[in-house]
Amino acid sequence: MKLHVNGQEHEVDGDRMLIHALRDVIGTLSVKVGCDDSTCGTCVVHANGRLVKACNRPAKQFEGQKITTVEGLTDREKEVYVHAFGETGAVQCGFCTPGMVMAAKVLLDKNPDPTLADVKKAVRTDICRCTGYRQVFDAILQSAQMLREDLPVVEDERRWRLSDRAHRPDVADKVLGTGRFADDVRLPGMVHAKALRSPSPRGLLRGLDTAAALAHPHCLAVLTSDDVPENKIGHITSDWDVLIPVGSHTRYIGDALALVASDDPDLLDEIIALIDVDYVELPPVTSPQEALRPDAPLIHSGGNILDIEHTKRGNPDRALRESAYTVTHKFATPWQDHAFMEPECAVATPDGDGIRMYTSSQSVYDEQHEISRMLQLPVEKVRSSATYVGGGFGGKEDMSVQHHAALMAWHLQRPVKVRFTRTESLNYHVKRHPMHMEFTVGCDAHGKLTAVKCVILSDTGAYASLGGPVLQRACTHAGGPYAIDNFEVLGMAMYTNNTPSGAFRGFGVVQSQFAMETCVNELAEKVGLDAWEMRYLNVVRPGDCLPNGQIADESTGIAEVLEDLKGDFYADPKAGLAIAHKNTGIGMGLTDTGRCILSVQDGRVHIRTSASCMGQGVGQVTMHVLSETVDLRPDQIVFELPDTARTPDSGTSTGSRQTLFTGEATRLAAVQLRDALIAVDGDLSRLEGQEWLGEFSPETDVVDSTKPNPYSHVAYGYGAQLITLNDKGEVNKVVAVYDVGTVMNEQSAVGQIEGGVMMGLGYGLTEEFVITGGIPQTRYGKLGLIRADKMPQVEVRFVKGPGTLPYAYGAKGMGEICLIPTAPAAAWAYYQRDGKRRYSLPLRGTAYKPEVPDTFGAPQPTYGAPVSTAAGAPTEAC
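Read on for a plain summary of the structure.

About the thresholds
Residues numbered from 1 in each chain as written. Predicted model: local features only at pLDDT ≥ 70, side-chain atom pairs only at ≥ 80, totals over all residues. Heavy atoms only, no water. Helix = DSSP H or I, 4+ residues; strand = E, 2+ residues; numbered from the N terminus. Expected span 1.5 Å × (residues − 1). Buried < 20%, exposed > 50% of the residue type's maximum accessible area, 1.4 Å probe, protein only. Pairing = 2+ DSSP bridges. Axes fitted to C-alpha atoms, helices over the stretch in contact; angles between N-to-C directions. Parallel < 35°, antiparallel > 145°, perpendicular 65-115°, else oblique. Left-handed = near helix turned anticlockwise from the far one by under 90°. Contact = heavy atoms within 4.5 Å. Nonpolar A, V, L, I, M, F, W, Y, C, P; charged D, E, K, R; others polar. Core = buried A, V, L, I, M, F, W, Y, C linked by side-chain atoms within 4.5 Å. 1 Å grid on protein atoms, 1.4 Å probe; cavity = no way out; pocket = protein on both sides within 12 Å on 5 of 7 lines; lining within 4 Å. Points joined across faces, edges and corners; volume = space filled by probe spheres on them.

**Comments concerning helix H20 (residues 746-766)**
Residues spaced three or four apart along an α-helix point in a common direction, a consequence of the helix completing one turn every 3.6 residues.
Argument step 1. With 21 residues, H20 extends 28 Å between its outermost C-alpha atoms, agreeing within 8% with the 30 Å of an ideal straight helix rising 1.5 Å per residue.
Argument step 2. Here H20 lies mainly inside the structure; 20 of its 21 residues are buried.

Right, here's the structure in full:
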């Protein structure tokens, strides 16, 4: 059939979905594949003036219609949307942005002077996981004004200073859809691969018969564990099988048994179904409590305990006995899915006698390390190049599809793409760690906190991932940003047959500080103080000791945060208040290095660092740092995407570390460039071909240091949130005040906080990821993600402590702390409203979730007898 797209006719298969015709035949790659159930809005296009989803209707339904994608906008529309979205800070990861632009076009074509309510309604079908929506609203309203009044686009090419408003370097790529994400990579001769997954969370794989699959005319290969040079990989602990060997047990529903390749991606499932699986299904271990039972089966040969953390300062038992008031409560926090807009995807291709990767991960060097280990190649034989990353939040630190793409490309010696559907992403990739906690907190008669004693039990799922470090952060931050001399925490991370848990924004702290903040509020009631007074009395100030023993430095500004928020608190006595702190950098005695190379090429300065940008704007940070140090305009600067062949290893984008670590490395390199420029009288052309390396690697103390005041982390950020409810019991407004040191590009910083608040509201109130018997039950559309028309007002303010960190011009990380206070603040707001105490998440008995019995951690159904069946076929035992 003929399809009319962007003013041209194209011949396509009318039975295929419109999105495949647009992407795979016509090549309009601004249209994105984000979900499997017509929920996310990344695929929307303009069809005869209507906004339509391209993912759920065949192309033949659009015969005779005029379809417009972002590629087909007029030059005037393109320049306006790029300018407005850049000016307002409305772009972060950028995966949803073309869909937002198309929703805006449909609105503005019909209504050139919309209200805010009109804009919210227009984009309510488009989900954004990064921004919190407000900046998107501002961008559309600004676009409307520019188009309506024919206002010119004025380019600002002034030198950027640290806190100046400035457009991201990637804004045009992301608004216009020209930036390349992993699924946009097309290579000549590229084929597709997919894994056969385990029939159940736990079982014995007795055999695989691949003969029928190999006989399929479109099957290029079927690989098993016998074809993997090194079958065990893992981000920190190498306990994750690339492919489960025959004779071994599966550990979760996402375990890969075999890997299939085909020249037609639509036939992969058909080929996989031809593999005969001889498999004995076994009862799964579905909770950390069950994993601790003496008769529990061993999920790994080393046992079911991944990690134990124990920290003790002072004498908490005696301090609690002598306390005037104590509270003791049990808490439970659930799984949460990252729900990044871009599902996982990777392309691998032979590169001489090595492999080249194109992926959207959080560290190209982590990827290089694990793939070289798997293929038993020297690391330099694996080149990893980053595409744009459509959101991460910690969920793209582990191998998900990259290793399978590399393995098949190595065997076939041709390019291979592996891509998760959204359902596969939900079922197989890591989640936020569920935690069961018991906290006892005491204070004296005046409200001064005396001691904290707590136990944390974490479900790390089938594989280690980041389970150890997440548990460690949950434990070391469990006392909150308070000056407490007596502190003890025992934490255990347990293997289960659930979907693995891994890194997630907040990294264990969001769980433990929910418990701590709830206890602090209850103690305040006992003493007779309000929530603000209790906190202001107890927070750390420069020179005080944090609960983990580290002395708060001069940049510590949590008292200033509370002072800024005082007026808001007393203006609404029923508001919920919570505070938080979060480390910057990995710390704990581990090597943690930021690196940046500055090189002069073709008259411009190239910033080269492997620091991955998932939307948080690390490229913009480095440009601000460079321009602050050296008198350069933005048009004289190029920020390169990470590439192990070009950019030095700057560590994983995790732990809120890149702004400080890579920012300081950039500053150190920039100082060298500045001195070199002075030596040549400021003539950049005379430095052509030269480069300068900056490295920043501060020393910290190990977690079990015997020092009375260990230096655990190079910095901490601090913040507070105040949540008010409306008459319906919905969140009306969130006031978020943060000490993140020096703010680089305020609209980007505000966008980070607003997006974090939205994610925190989801975690505390609306989102739910259900796993029953080790099997995920939740589809994307049922996650409870907050949409544009449901997002409350968020007011963001920044303060600073009395001093300034000596690194990166005083900037501290903010990527994680932005969501940590949200859930406990919401819990206290609801207590103020109805008098009900809530100790588990998501909060129940609210306008968002009905009151139901708490089933978190309840016994799960058992599984049946051994089965032998083709993969995917239903069985009585299931």
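Now, onward.
**Comments concerning the pairing of strand S7 (residues 203-209)**
Looking along a regular strand, one sees the side chains alternate between the two faces of the sheet.
Argument step 1. One ladder, built from 2 bridges, connects S7 with strand S11 (residues 249-250); its direction is antiparallel. Pairing of Leu204 across the sheet is with His249, part of S11.
Argument step 2. As paired strands, S7 and strand S13 (residues 276-281) are joined by 6 bridges and run antiparallel to one another. Its bridge partner lying in S13, Gly203 is registered against Glu281.

**Concerning the packing of helix H11 (residues 364-375) against helix H12 (residues 402-412)**
Argument step 1. Packing of H11 against H12 leaves a shortest axis separation of 10 Å and a crossing angle of 45°. When the axes of H11 and H12 are compared, the pair comes out oblique. The chirality of how H11 crosses H12 is right-handed. Across the interface between the two elements, Glu367, Ile371, Met374 and Leu375 of H11 pack against Gln402, His403, Ala406, Leu407 and Trp410 of H12.
Argument step 2. Among the residues making up the contact of H11 with H12, the classes are represented as 6 nonpolar, 2 polar and 1 charged.

**Some details on helix H3 (residues 97-110)**
Argument step 1. Compared with an ideal rise of 1.5 Å per residue, which puts 14 residues at 20 Å, H3 spans 20 Å between its outermost C-alpha atoms and is within 8% of the ideal.
Argument step 2. Across the 14 residues of H3, 12 count as buried, placing the element largely inside the fold.

**Quick look at the environment of Val277**
Argument step 1. One can find Val277 in strand S13.
Argument step 2. Val277 sits in the buried class, given a relative accessible area of 1%.

**Notes on the pairing of strand S4 (residues 50-53)**
Argument step 1. As paired elements, strand S3 (residues 44-47) and S4 share 4 bridges and run antiparallel to each other. In the strand pairing of S4, Ala47 is matched with Arg50.

**Quick look at the sheet that holds strand S23 (residues 576-584)**
Argument step 1. If you walk across this open sheet you meet the 4 strands as S23-S28-S29-S32, and the pairing is mixed. In the strand order of this sheet, the two ends are held by S23 and strand S32 (793-799), each with one partner. Adjacent strand axes in the sheet meet at a mean angle of 20°, parallel and antiparallel pairs treated alike.

**Focus on the nonpolar core**
Argument step 1. Counting residues in each nonpolar core, the largest one holds 143 residues, and the members touching the most others are Phe85, Phe439, Leu449 and Tyr780.
Argument step 2. Grouped together as the second largest cluster of nonpolar side chains are 53 residues, Val191, Leu196, Leu205 and Val416 included.

**Considering empty space enclosed by the protein**
Argument step 1. According to the stated counting rule, one finds 14 cavities of 30 Å³ or more in the structure shown.
Argument step 2. If you add up the space inside the largest cavity, you get close to 600 Å³.
Argument step 3. As for the largest cavity, its lining consists of 41 residues, of which Gln616, Ser656, Gln752, Met814 and Gly815 are closest to the centre.
Argument step 4. Breaking the lining of the largest cavity down by element, the ones donating at least two residues are helix H18 (618-629), helix H19 (658-679) and H20.
Argument step 5. For the lining of the largest cavity, the element with the most residues is H18, which contributes 4 residues.
Argument step 6. Across the lining of the largest cavity, the residue classes break down as 13 nonpolar, 22 polar and 6 charged.
Argument step 7. What the second largest cavity holds in volume is close to 220 Å³.
Argument step 8. Within the lining of the second largest cavity, the residues separate by chemical class into 9 nonpolar, 8 polar and 5 charged.

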